[in-house]
Amino acid sequence: MDVSKKFVQIVDFETDRFDEMQAVAEEADKRMAGRAGGPTHRLVLRDRNNPGHVLVVIEFDSYEDAMRNSQDPETGKMAERMAALCTRPPSFTDCDVLDMTEFK
């Protein structure tokens, strides 16, 4: 699998309102469905030792796609709504994908 351009953003946040946050994400999913240049995959992880701590891993085909997505006004509105549901501000880690293996 050629991952030479793939890009991943990790969003790290804490919330006690996960169900509301998930509803906002589902609304965004409907708006982004089929949109070129948007995220290709999303993985949502909950910390077993701290259930309010959540990591979201969002994959894009390229860094450029991710930056265009970040600059979209709809993405900004969704991010503001989600941040309002957090118990601390989210942090973001931007990553270039070096390797990816899919086990089947």
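Up top you'll find the structure we're talking about.
Here is a short report on the structure shown in this document.

## A few points about the overall build of the protein chain
In step 1: Helix and strand content of the protein chain: three helices and four strands.
In step 2: Counting helices and strands in the order they occur from the N terminus, the protein chain gives β-α-β-β-α-α-β.
In step 3: Its C-alpha atoms give the protein chain a radius of gyration of 14 Å, near enough to 13 Å, the size a compact globule of 104 residues would have.
In step 4: By residue count, 32% of the 104 residues in the protein chain fall in the buried class.
In step 5: Carbon and sulfur atoms make up 53% of the accessible area of the protein chain, which amounts to about 7,200 Å² in all.
In step 6: For the protein chain, the separation between the mean place of its 14 positive charges and that of its 21 negative charges on side chains is 4 Å.

## Section: the packing of aromatic side chains
Working definition: an aromatic ring pair is given by the centre-to-centre distance plus the angle between the planes.
In step 1: One pass over the structure, following the stated rule, counts one aromatic pair.
In step 2: Each ring, one from Phe-7 and one from Tyr-63, has its centre 5.2 Å from the other, and the planes form 80°; the classification is edge-to-face. In this pair, Phe-7 is assigned in strand 1 (residues 7-15) and Tyr-63 in helix 2 (residues 63-71), connecting sequence segments 56 residues apart.
In step 3: We note Arg-46 situated over the ring of Phe-18; from NZ or CZ to the ring centre the distance is 4.7 Å.

## A look at helix 2
Along an α-helix, a turn takes 3.6 residues, which lines up residues three or four apart on a common side.
In step 1: Where helix 2 is concerned, the buried positions are Asp-65, Ala-66 and Asn-69. Taken around the axis of helix 2, the buried residues stretch over an arc of 100°, which confines them to a single face. Counted as exposed and oriented over 90 degrees from the buried face of helix 2: Arg-68 and Gln-71.

## Some points on the pairing of strand 3 (residues 53-60)
In step 1: The buried count for strand 3 comes to six of eight residues, which makes it a mostly enclosed element.
In step 2: With eight bridges connecting them, strand 1 and strand 3 associate as antiparallel partners. By the bridge assignment for strand 3, Glu-14 is matched with His-53.
In step 3: Sheet topology places strand 2 (residues 41-46) next to strand 3; six bridges connect them, and they run antiparallel.

## Section: the sheet that holds strand 1
In step 1: Pairing is antiparallel in the open sheet, where four strands are placed in the order 2-3-1-4. Either end of the sheet is taken by a strand with one partner, and the two such strands are strand 2 and strand 4 (86-96). The mean inter-strand angle of the sheet, taken between neighbouring strand axes irrespective of direction, is 15°.
In step 2: As judged from the eight bridges shared by strand 1 and strand 4, these two strands associate in the antiparallel manner.

Criteria and cut-off values
Once a new chain begins, its residue numbering starts again from 1 and follows that chain's sequence as written. Whole-chain, interface and lining totals are the exception, using all residues; otherwise, since this is a predicted model, local features are given only for residues with pLDDT of at least 70 and side-chain atom pairs are given and counted only at 80 or more. Side-chain calculation: all heavy atoms of the structure are included, whereas hydrogens and water are not. Under the scheme used here, helices are H or I runs from DSSP no shorter than 4 residues and strands are E runs no shorter than 2 residues, and both carry numbers assigned from the N terminus. Only the C-alpha atoms count toward the radius of gyration. The rule for a globule is 2.2 Å times the residue count to the power 0.38. Burial classes: relative accessible area under 20% of the type maximum marks a residue as buried, over 50% as exposed, and values in between as partly exposed (1.4 Å probe, protein chains only). Per-residue accessibility takes into account occlusion by the displayed protein chains alone, with areas from the Shrake-Rupley method and a 1.4 Å probe. Only four residue types enter the tally: Lys and Arg on the positive side, Asp and Glu on the negative side; His and the chain ends are excluded. Taken as the charge location is NZ of Lys, CZ of Arg, CG of Asp or CD of Glu. We call Phe, Tyr and Trp rings a pair once their centres come within 6.5 Å, taking the six-membered ring for Trp, and we label the pair stacked below 30 degrees between planes, edge-to-face above 60, and tilted otherwise. Think of it as a cone above the ring: NZ of Lys or CZ of Arg counts as a charge over the ring if it is within 6 Å of the ring centre and within 35 degrees of the ring normal. The arc in question is traced by the directions running from the helix axis to the C-beta atoms. Strands qualify as paired when DSSP identifies two bridges or more between them. The axes used here are C-alpha line fits, helices contributing only the stretch in contact, and every angle between their N-to-C directions lies in the interval 0 to 180 degrees.

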